[in-house]
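# Structural description and commentary
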Amino acid sequence: MEKITPPKPQGLRSYVEDYLRQAILSGKYKSGDRLVEREICEILNVSRPPVREALRQLEADKLISNELHRGPIVSSMSYEEAEELYKFRALLESFAVAEFSRLATDEQINDLSLAIKKLHEVSDKGDKQLLLNSKADLYNVILSGCGNNLVRESLLKLLDRISLLRGTSLLQPNRMAQSLKEIDQMFKFIKSKNYEAAKDAAYNHIQAAAKVALAVIAAEQK
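Residues numbered from 1 in each chain as written. Predicted model: local features only at pLDDT ≥ 70, side-chain atom pairs only at ≥ 80, totals over all residues. Heavy atoms only, no water.

### As for empty space enclosed by the protein
Applying the stated criterion to the full structure yields one cavity of 30 Å³ or more. There is about 40 Å³ of room inside the largest cavity. Taken together, Glu93, Lys135, Leu138, Tyr139, Ile142, Ile183, Met186 and His205 make up the full set of residues lining the largest cavity. At the level of elements, α6 (128-144) and α8 (175-191) are the ones that each hand at least two residues to the lining of the largest cavity. Looking at which element gives the most residues to the lining of the largest cavity, the answer is α6, with four residues. Taken together, the residues that form the lining of the largest cavity break down as five nonpolar, one polar and two charged. (1 Å grid on protein atoms, 1.4 Å probe; cavity = no way out; pocket = protein on both sides within 12 Å on 5 of 7 lines; lining within 4 Å. Points joined across faces, edges and corners; volume = space filled by probe spheres on them. Helix = DSSP H or I, 4+ residues; strand = E, 2+ residues; numbered from the N terminus. Nonpolar A, V, L, I, M, F, W, Y, C, P; charged D, E, K, R; others polar.)

Here it is in structure tokens:
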């Protein structure tokens, strides 16, 4: 296995954390997979202390958990946990969209338009990672322009956990097309500075995504 050249010592923990976070969210490490310290050290060519620190942070973010006799593993998500996450996401995201609509500059609105256009472009490719990356770009624009760092930080952590579902709702038949319609409608309200309507559109968009994703999770966990 090819080893990776690490950065300078002062950036090791962040370096390891970023690598593991991306590996989990991309699906390289799947729910239930063990994260073996020795193997991570070998891959990244680092010592154990920064690996342990990174694992502790990922555990705090609920992306991994520690199991007796197994050690750190990638977290799985129950139906109840997913339902709670989607409900909280709907509240936070609709607020962020409303604030973005109220506060965003013309440049930020144009950036959002470009991010939505990119999402349309990748929607027909059937590539889950491209879809998730494009959706992440869209969120970055909204969260950078919503004027609330606490909401931004909270929602980014929440979206990381929801990414454990591997785009469950996005990849269901007909969901992507409907999702794009919902996002386009939301953008129309944002562009016209109708932040109450934008908030409602964002809330309904998450509710629709939750309905599809939770149905899939329920079927898988029967």
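### Thoughts on helix α5 (residues 106-122)
Note that an α-helix has 3.6 residues per turn; residues three or four places apart therefore point the same way. Here α5 contains 17 residues, and its C-alpha end-to-end distance of 25 Å stays within 8% of the 24 Å for a straight helix at 1.5 Å per residue. For α5, the full list of buried residues reads Ile109, Leu112, Ala115, Ile116, Leu119 and Val122. Down the axis, α5 shows its buried residues gathered within 145° of arc, on one side only. For α5, the exposed residues set more than 90 degrees away from the buried face come down to Asp106, Glu107 and Lys117. (Expected span 1.5 Å × (residues − 1). Buried < 20%, exposed > 50% of the residue type's maximum accessible area, 1.4 Å probe, protein only. Arc of directions from axis to C-beta.)

### Let's talk about the side chain of Arg161
Along the chain, Arg161 turns up in helix α7 (residues 149-162). The side chain of Arg161 is buried and forms no salt bridge, while Glu81, the nearest opposite charge, is found at 4.4 Å. Those residues in contact with Arg161 that lie beyond four places of it in its chain are Asp61, Lys62, Leu63, Met77, Glu81 and Leu85. (Lys, Arg positive; Asp, Glu negative; His and termini not counted. Salt bridge = Lys/Arg side-chain N within 4 Å of Asp/Glu carboxyl O. Contact = heavy atoms within 4.5 Å.)

### As for the pattern of salt bridges
Applying the stated criterion across every chain yields a total of 12 salt bridges. With its nearest N and O atoms 3.6 Å apart, the salt bridge here joins Arg48 to Glu37. One end of the pair, Arg48, is in helix α3 (residues 48-60); the other, Glu37, is in helix α2 (residues 37-44), and 11 residues separate them in sequence. Accessibility expressed as a relative area gives 18% for Glu37, which makes it buried. Connected via shared salt-bridge partners are Arg13, Glu17, Arg21, Asp61, Lys157 and Asp160.

### Brief notes about α7
Counted at 1.5 Å a residue, the expected span for α7 with its 14 residues is 20 Å, and the 20 Å between its end C-alpha atoms agrees. Every buried residue of α7 is accounted for by Val151, Leu155, Leu158, Leu159, Asp160, Arg161 and Ile162. Among the structural elements, α1 (12-25), α4 (79-103) and α6 are those in contact with the buried residues of α7. Two or three places before Leu150, at the opening of α7, Asn148 has a side-chain oxygen 3.1 Å from that residue's backbone nitrogen. (Polar contact = N/O pair within 3.5 Å; in protein donor to acceptor, adjacent residues only side chain to side chain.)

Any functional reading would require information beyond the geometric quantities listed.
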